[in-house]
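# Per-entry structural report
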Amino acid sequence: YSSNGKVSSVDIYYNQNEILPSIREKSYLYYDLNKRSNMYLVKGDKVNILDEKSSLDGQSWYFINYKGKKEINMWIKADSVDLN
């Protein structure tokens, strides 16, 4: 957790092995669950999942952290992320 109480990083483990979630295919990032940005991630990009939420229509979303040229914290549709 950060000094202001927000989650700063999360690791996912399966049978004591760390799983690095990756993007399945080109997927747009969202500022909020209903506000798409022009930014996107491509197949194979590694992300850290910081939070999870469901929208009113039942769609699952992840708040992710991506460290590339810039560090990005945005929402992405959960079905765009491969947890294996």
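My aim in this report is to walk through the structure given alongside it, one point at a time. Worth saying up front: this structure is predicted, and the values here are computed from it rather than measured.

So, about the nonpolar core. Judged by nonpolar contacts, the single largest core of 13 residues is most densely connected at L29, L41, V47, Y62, I64, I76 and V81. Counting only elements with at least two residues in this core, the list comes to β7 (60-67) and β8 (71-77). Leaving out residues up to four positions away in the same chain, V47 has contacts with P21, I23, L41, I64, N65, Y66 and V81.

Quick look at the pairing of β8 now. Note that β7 and β8 share seven bridges and pair antiparallel. The partner of I64 across the bridge, within β8, is M74. Between β7 and β8, which follow one another and run antiparallel, lie three residues.

Following the sequence through the fold, N34 ends up in the loop between β4 (27-32) and β5 (35-41). Given the relative accessible area of 69%, N34 is considered exposed. Separated by 41 residues in sequence, N34 and W75 place their C-alpha atoms 9.8 Å apart.

Turning our attention to the side chain of S27. You can see S27 is positioned in strand β4. Note on S27: relative accessible area 5%, which makes it buried. Separated by 2.7 Å, the side chain of S27 and the backbone oxygen of E25 make a polar contact.

This paragraph deals with the environment of L50. Note on placement: L50 falls in strand β6 (residues 48-54). Distance from L50 to F63, taken between C-alpha atoms, is 5.4 Å for residues 13 residues apart in sequence.

Let's shift gears to the pairing of β4. Pairing geometry for β4 and β5, over four bridges, is antiparallel. Within β5, the residue paired with D32 across the bridge is K35. Count of turn residues in the β4/β5 antiparallel hairpin: two residues.

So, how was this worked out
Residues numbered from 1 in each chain as written. Predicted model: local features only at pLDDT ≥ 70, side-chain atom pairs only at ≥ 80, totals over all residues. Heavy atoms only, no water. Core = buried A, V, L, I, M, F, W, Y, C linked by side-chain atoms within 4.5 Å. Buried < 20%, exposed > 50% of the residue type's maximum accessible area, 1.4 Å probe, protein only. Helix = DSSP H or I, 4+ residues; strand = E, 2+ residues; numbered from the N terminus. Contact = heavy atoms within 4.5 Å. Pairing = 2+ DSSP bridges. Polar contact = N/O pair within 3.5 Å; in protein donor to acceptor, adjacent residues only side chain to side chain.

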